Amino acid sequence: MVTISAPGKLMLLGEHAVVYGYPCIVSAVDKYLTVVVDSSKGKQDEIISPGFSDTRFIKEAINIFRDKFSVKDPINLKTESELGSFGLGSSAAVTVATLKALVEFFGLHLDKTELFNLSYEVVKKVQGLGSGFDLTVSIWGGTIYFEGKNKKVENLCQEPLPLMVGFSGEKGDTVSMVKLVKEKRQNYRKGIEKIFENIAQLVEKAKVALLEKDWTRFGMLMNYNQDYLEDLGVSTKKLNNLISASRKTGAYGAKLSGAGGGDCMIALVSKEKKRAVIKAIKAEGGEVIEVTVGTAKGGII
Ligand code: MEV
């Protein structure tokens, strides 16, 4: 029997633009999705995945694994998740953990880059358009600068960041938000490409600010990124309210995180302001998610 856990993620800056090759910054969170693989007692694969109605990523990961390594033996696979349905990257975590668990169970080997490449094949098959950014922190942990174009991964730091997470209560759907932006790009190619270029510049500046721990600047760049996400039409009224409440109570900066259309927002907050920002997010009907951002050292375990 093999047990593998992979951390979830939060996008810090660069969402949507990263799908078109631009860079983004992403952090792991200290919440995990665990996959246990054992031999099956029957002739078929058994997948037991409570709280996970969408098993496409697991099934596709098994198919791709079998194709690559010509393994036919049926398996029993169980998942257990701490990630909930807040948009914390459970699809990426389950993909990475399933592949890694299968590889170890059958006594095979993949290095981290090979694991990323195989996992990305799964994401492309199931999701169509997607950058694969969320796979990086599930594999490497910490906070990563990821280049969408050549899938370059650069480790920025392995320390916790002063970020808070608020759930809007609305369920975001990544596939439809990515499609929405794709259609906008088809209709207004120049304008949308310009927004992506501006987001990419923010990401470059944010990378420096993060390495210098210049939170005032990092927060300001998050705010600018949110403006562009609003221009793309992926924010919601509820997210905007949580974001502006956080800023008004002293956050360095706040923005949505991920595809938008719901799910979570993040706020960069000093220790002194944390209590006030938590209160403000709750007062706007948001749910504060207790996670530490940027800490899942080493990623997959
Ligand atoms: C979703 O969390 C982030 C997007 O950029 C999609 C992707 O990168 O695959 C919208």
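Residues numbered from 1 in each chain as written. Predicted model: local features only at pLDDT ≥ 70, side-chain atom pairs only at ≥ 80, totals over all residues. Heavy atoms only, no water.

Enquirer: Talk me through the pairing of strand β2 (residues 23–39); I want residue IDs and the actual numbers.
Expert: Within β2, twelve of the 17 residues are buried, which leaves it mostly tucked inside the rest of the structure. Where strand β1 (residues 2–13) lies against β2, ten bridges are found, and the strand directions are antiparallel. Bridge assignment links P7 to a residue of β2, and that residue is Y32. Pairing of β2 with strand β5 (residues 143–147) involves five bridges; the strand directions are antiparallel. Pairing of C24 across the sheet is with F146, part of β5. When β2 meets strand β4 (residues 75–81), the two strands line up antiparallel, connected through seven bridges. Bridge pairing in β4 places T34 opposite E80. (Buried < 20%, exposed > 50% of the residue type's maximum accessible area, 1.4 Å probe, protein only. Helix = DSSP H or I, 4+ residues; strand = E, 2+ residues; numbered from the N terminus. Pairing = 2+ DSSP bridges.)

Enquirer: Before we move on, could you go through the site of the ligand and cite the residues and values that matter?
Expert: Neighbouring residues of the ligand: K9, E15, H16, V18, V19, G130, S131, F133, T174, V178, G258 and A259. Measuring from an oxygen atom of the ligand, one finds a backbone N or O atom of H16 at 2.9 Å. Within the side chain of S131, an N or O atom sits 2.6 Å from an oxygen atom of the ligand. Contact with the protein chains covers 96% of the free accessible surface of the ligand, which is 300 Å². (Near = heavy atom within 4 Å. Polar contact = N/O pair within 3.5 Å; in protein donor to acceptor, adjacent residues only side chain to side chain. Areas by Shrake-Rupley, 256 points an atom, 1.4 Å probe, with all protein chains shown as cover.)

Enquirer: Describe the environment of L108, with residues and values.
Expert: Mapped onto the secondary structure, L108 falls in the loop between α2 (90–105) and α3 (112–127). On the basis of relative accessibility, which here comes to 32%, the residue L108 falls in the partly exposed class. Counting along the chain gives 85 residues from L108 to E193, while the straight-line C-alpha distance between them is 42 Å. Discounting residues that sit within four places of it in the chain, L108 has contacts with F65, F69, V71 and V103. (Contact = heavy atoms within 4.5 Å.)

Enquirer: Outline the environment of N117, supporting the account with residue identities and numerical values.
Expert: Note on placement: N117 falls in helix α3. Judged by relative accessible area, N117 falls into the partly exposed class, the value being 43%.

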